[in-house]
There are 2 protein chains.
Amino acid sequence: MQFGNPNDTICALSTPEGVGALAIIRISGPEALTVLKPYFKKDLSKVDTHTVHYGAIKDGDVWIDEVVLSVFKGPRSFTGQDTVELTCHGSPYIRQRILQLLIENGCRMAEPGEYSMRAFMNGKVDLSQAEAIADLIASSSQAAHKLAMNQMRGQFSRKINELREKLIHFASLIELELDFSEEDVEFADRNELRTLVVEIQGVVRELMASFATGNAIKNGVPVAILGAPNMGKSTLLNALLGDERAIVSSIAGTTRDTIEDETVIEGVRFRFIDTAGIRETVDEIETIGIDRAWDKAQKAQIVLYLVEAATMDEARVKENLDELRSRVGSDAKVYLLINKVDQITDPAQAKALAADFKNAYLISAAHGTGLDDLKKTLAEEARSLQNEGSDVVVTNIRHYEALANTNKALDGVLHGLESRITGDFLAIDIRRALHHLGEITGEITTDDLLGNIFSKFCIGK
Amino acid sequence: MQFGNPNDTICALSTPEGVGALAIIRISGPEALTVLKPYFKKDLSKVDTHTVHYGAIKDGDVWIDEVVLSVFKGPRSFTGQDTVELTCHGSPYIRQRILQLLIENGCRMAEPGEYSMRAFMNGKVDLSQAEAIADLIASSSQAAHKLAMNQMRGQFSRKINELREKLIHFASLIELELDFSEEDVEFADRNELRTLVVEIQGVVRELMASFATGNAIKNGVPVAILGAPNMGKSTLLNALLGDERAIVSSIAGTTRDTIEDETVIEGVRFRFIDTAGIRETVDEIETIGIDRAWDKAQKAQIVLYLVEAATMDEARVKENLDELRSRVGSDAKVYLLINKVDQITDPAQAKALAADFKNAYLISAAHGTGLDDLKKTLAEEARSLQNEGSDVVVTNIRHYEALANTNKALDGVLHGLESRITGDFLAIDIRRALHHLGEITGEITTDDLLGNIFSKFCIGK
């Protein structure tokens, strides 16, 4: 176990560091209601749950602060244990002194994610819900917030549990057969099992497919900007980032690809992928056939191919676009951006440049021309890529992997049914599928897995 | 009035910005218990005061967050008004959405210090106590915290009010005389008044004298490091700052002189005063007679005069020290630091350098030699400068000015008594003294004064 004793009473600052009017120190564990006894006049073990109490925290005669204590008696608390939330003035000195007093009286500092870990251990939330709390805190766009909220409310877990229960029913029938294996009976109808597995696999695959969307919502819709040097790539990027330039969250656990920059346009988070690699090896204007740039473009949901109005060679651009479209695949959308259009003085001539192309935009990144239209298109495109119909979307790579493993195990079940293998072999694959589904909600866990998940949380959560 | 309508219901984030597990949004005003009605299932106007309530904040069907609401019904709240403290997850997106919902339903954003302003207006705290809250939040050393805490608990206010009450008693007798002025009676015994004024003035002057200490505790004990270039001033400063280098608070309202750097040594905050000016005009080694450096040295409570072991001219150093001591006055302590002692290979020779001086330290700033002793001495010296006996210490320049004005008015009273002026003239000076004492606790205020004080608070306080 990578976490400390769950019977320790733990404490930590749960509000951000820094100076503010107020701060919250959270105390959870068997001694939560008594640990403040030497410092607070009221006996919290005698008060009602869900009440707040105002008074001084004193170390002997020394007044540390006037605080408000909110008392939550287990199991009616976040962790399921007795919990006190201490609201003090937001001075670093006061916070530190109060934590010191708590530790002197037997508390220990909480490890990252330890409150959520206890909530999971005490059955207050399942694993996917606990993970959603971290996502909820880190979410900085409406769409990401909605997904995390749905997951925290258990919608994803319910879907997974439905699948598990159906599969468990069959698993138990098959296990029953094993008990009677010498009598060669079949309690589990093989055709029904086949239908069920195909149905479950359909849902599993749908959830797996939603990960591209979920990941895009959580981490930003990946957009690759391609183009030869001096086409205005950086200028365009800066113009798109503009005032809405996002503060990239530094929360542990929100792992990302190497990214160039992020911004939110009309409530949608975009992640602009670095294609700078193209510069190092380019030897001809408008050549984009560089493997590294391709790789990145292939990970993008939207590709912006940037050329210069004054120097563009239409035939060459068409060639490149065709190659681009064929290589990035049908899922991604490719746009042609004809930049520096301000250098073409005749508007008719400028318009003609775009006329022969599908999805072409005349822009001037430096002067802002055409960028509002482009942004609107990007936002609309992103929204249409994000299947708004479904509330249950996979956002977590761990869940995606568990689903992929489930899918593989179900393949094994189907294969086994086709080759008419015996129940004991079928049972192995069914159990494997159940195992991987159970990993998602935490029915099946290992200490390593838990340690890995919760250690990425912030302290105080 | 520089503040908004006190009958508005106001809301603001009261915990620091940034991402954390939890955040508090504070709501205060007549609608505090009803403004969440469209978004929260429970009717807070029907619950008991000092209770906490868990549930979802929903905008129609959209779940924003699961929150805990602490209900404080006026007058049993910080502001004296109905107040709700909403604890949500510490995501910037969630905080912003909840504040938006509150504002859509009739709240407005609180101005800086508006909660404390309401607490003052509703008689929950006096002005000096409200100011102490800001100091308490900003305090980063034990001594500063203790002073702010004492002030917040009203010890300073009580002292001021004692003085005021005594003076008010006499003022009323004198005013009574004025009503009977044609009868030439004296209700107020002039000798008693004289004794009282002298007594009050004694306390006022004592409080004024404590400001040097109070200011030193709050903003750091001022230490000037003087010395010619290349004596190792910067090296010494860096060595003293070391790992304990302080984060300088950026709270509005903690105005400071131009400072070089701050650090806390053994729980005492020190403020090292920039004497860089000496470099620009120096034309001879060990010449320290530069006016600008003198000015700064004169503001210091401790002066460190730095020379180099290998090149020091004892006679010259003595001369400079004598001049230094005579110019900085008897309140400040002057130390001679003989630096780069490592360049003297013979320990006896090194020791001899210091032998002829009082308060001389052999150090090597670069190698750390002698610095522990120096730090210990600085901390001891600071503590002896800070009169530990008195709990009531003036830390606020506004209070100091009010006390100085009180003192001046009391001078006027004494002068009037001596020159046997009539009661009506005495009354003017007594009223003036009362006015200035009343400014401290806020018995006497102007809108400008209040605006000036509270606008320096942080938002959410």
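Just so you know, these numbers come straight off a predicted model, no measurement behind them.

**Q** With reference to specific residues and values, describe the packing of aromatic side chains.
**A** Residues and elements named next belong to chain A. As enumerated under the stated definition, the model contains 10 aromatic pairs over all chains in all. Between Phe-270 and Phe-272, the aromatic rings sit 6.4 Å apart at their centres with planes inclined by 25°, giving stacked as the arrangement. Here Phe-270 and Phe-272 have matching classes, each one buried. The structure contains a cluster of three or more aromatic residues connected by ring pairs, namely Phe-120, Phe-454 and Phe-457. Positioned above the aromatic ring of Tyr-115, the side-chain terminus of Arg-26 is 4.8 Å from the ring centre. One Lys or Arg, Lys-461, reaches over the ring of Phe-78 and ends 4.6 Å from the middle of that ring.

**Q** So what's going on with the pairing of strand E9 (residues 268-273) of chain B? Which residues, and what values?
**A** Each regular strand carries side chains that alternate between the two faces of the sheet. Residue and element names in this part refer to chain B. Within E9, six of the six residues are buried, which leaves it mostly tucked inside the rest of the structure. Because side chains alternate across E9, one face comprises the buried residues Val-268, Phe-270 and Phe-272, and the other comprises Arg-269, Arg-271 and Ile-273, equally buried. Two strands pair when backbone bridges link them, and strand E7 (residues 221-226) and E9 are joined in this way by four bridges, in the parallel orientation. Among the inter-strand pairings, Val-221 is bridged to a residue of E9, identified as Phe-270. In this structure, strand E8 (residues 261-265) lies alongside E9, joined through five bridges in antiparallel fashion.

**Q** Account for the pattern of salt bridges, naming residues and giving values.
**A** Scanning all chains against the criterion turns up 40 salt bridges over all chains. Close ionic contact of Glu-381 of chain A with Lys-333 of chain A constitutes a salt bridge, the shortest N to O distance being 3.7 Å. With a gap of 48 residues between them, Glu-381 of chain A in helix H12 (residues 371-385) and Lys-333 of chain A in strand E11 (residues 333-339) connect regions that are remote in the sequence. Arg-97 of chain B is the partner of Asp-59 of chain B in a salt bridge, and the nearest nitrogen-oxygen pair spans 3.0 Å.

**Q** I'd like to hear about the sheet that holds strand E10 (residues 302-308) of chain B, residue by residue, with values.
**A** All names here are of chain B. The mixed open sheet is built from six strands, whose spatial order is E8-E9-E7-E10-E11-E12. What marks the edges here is a single partner per strand, and that holds for E8 and strand E12 (360-362). Pairs of neighbouring strands in the sheet enclose a mean axial angle of 25°, with direction left out of account. Contacts between helix H6 (residues 190-219) and the sheet are confined to E7, E8 and E9, with E9 contributing the most and set at about 95° to the helix. Against the sheet, helix H7 (residues 233-241) engages E7, E8, E9, E10 and strand E11 (333-339), with an angle of about 45° to E8.

**Q** Describe the domain arrangement of chain A, with residues and values.
**A** Residue and element names in this part refer to chain A. Considered domain by domain, chain A is made up of domain 1 (10-126), domain 2 (133-210 + 394-442) and domain 3 (216-387). The interface of domain 2 with domain 3 comprises 10 residues on the first partner and six residues on the second. Where domain 2 abuts domain 3, roughly 730 Å² becomes buried across the two surfaces, and 61% of that area is made up of carbon and sulfur atoms. Seen at the junction of domain 2 and domain 3, the total is one salt bridge. Mapped onto the side of domain 2 that touches domain 3, the elements with two or more residues apiece are helix H3 (127-138) and helix H4 (142-152). Here the side of domain 2 that touches domain 3 gets four residues from one element, more than from any other, and that element is H4. Within the side of domain 2 that touches domain 3, the residues separate by chemical class into four nonpolar, five polar and one charged.

**Q** Tell me about the side chain of Gln-201 of chain A, residues and numbers included.
**A** Structurally, Gln-201 of chain A is set in helix H6 (residues 190-219). Excluding its chain neighbours within four sequence positions, the residues that come into contact with Gln-201 of chain A are Asn-407, Leu-410, Asp-411 and Leu-414 of chain A.

**Q** Talk me through the side chain of Ser-128 of chain A; I want residue IDs and the actual numbers.
**A** Assignment of secondary structure puts Ser-128 of chain A in helix H3. The contacts of Ser-128 of chain A, once residues within four sequence positions are left out, are Gln-151, Phe-156, Ser-157, His-399, Ile-440 and Thr-441 of chain A.

Cut-offs applied
Residues numbered from 1 in each chain as written. Chains lettered and ligands numbered in written order. Predicted model: local features only at pLDDT ≥ 70, side-chain atom pairs only at ≥ 80, totals over all residues. Heavy atoms only, no water. Phe/Tyr/Trp six-rings, centres within 6.5 Å; stacked < 30°, edge-to-face > 60°. Buried < 20%, exposed > 50% of the residue type's maximum accessible area, 1.4 Å probe, protein only. Lys NZ or Arg CZ within 6 Å of the ring centre and 35° of its normal. Helix = DSSP H or I, 4+ residues; strand = E, 2+ residues; numbered from the N terminus. Pairing = 2+ DSSP bridges. Salt bridge = Lys/Arg side-chain N within 4 Å of Asp/Glu carboxyl O. Axes fitted to C-alpha atoms, helices over the stretch in contact; angles between N-to-C directions. Contact = heavy atoms within 4.5 Å. Domains from an automatic or database assignment. Buried area = accessible area lost by both parts, 1.4 Å probe. Nonpolar A, V, L, I, M, F, W, Y, C, P; charged D, E, K, R; others polar.

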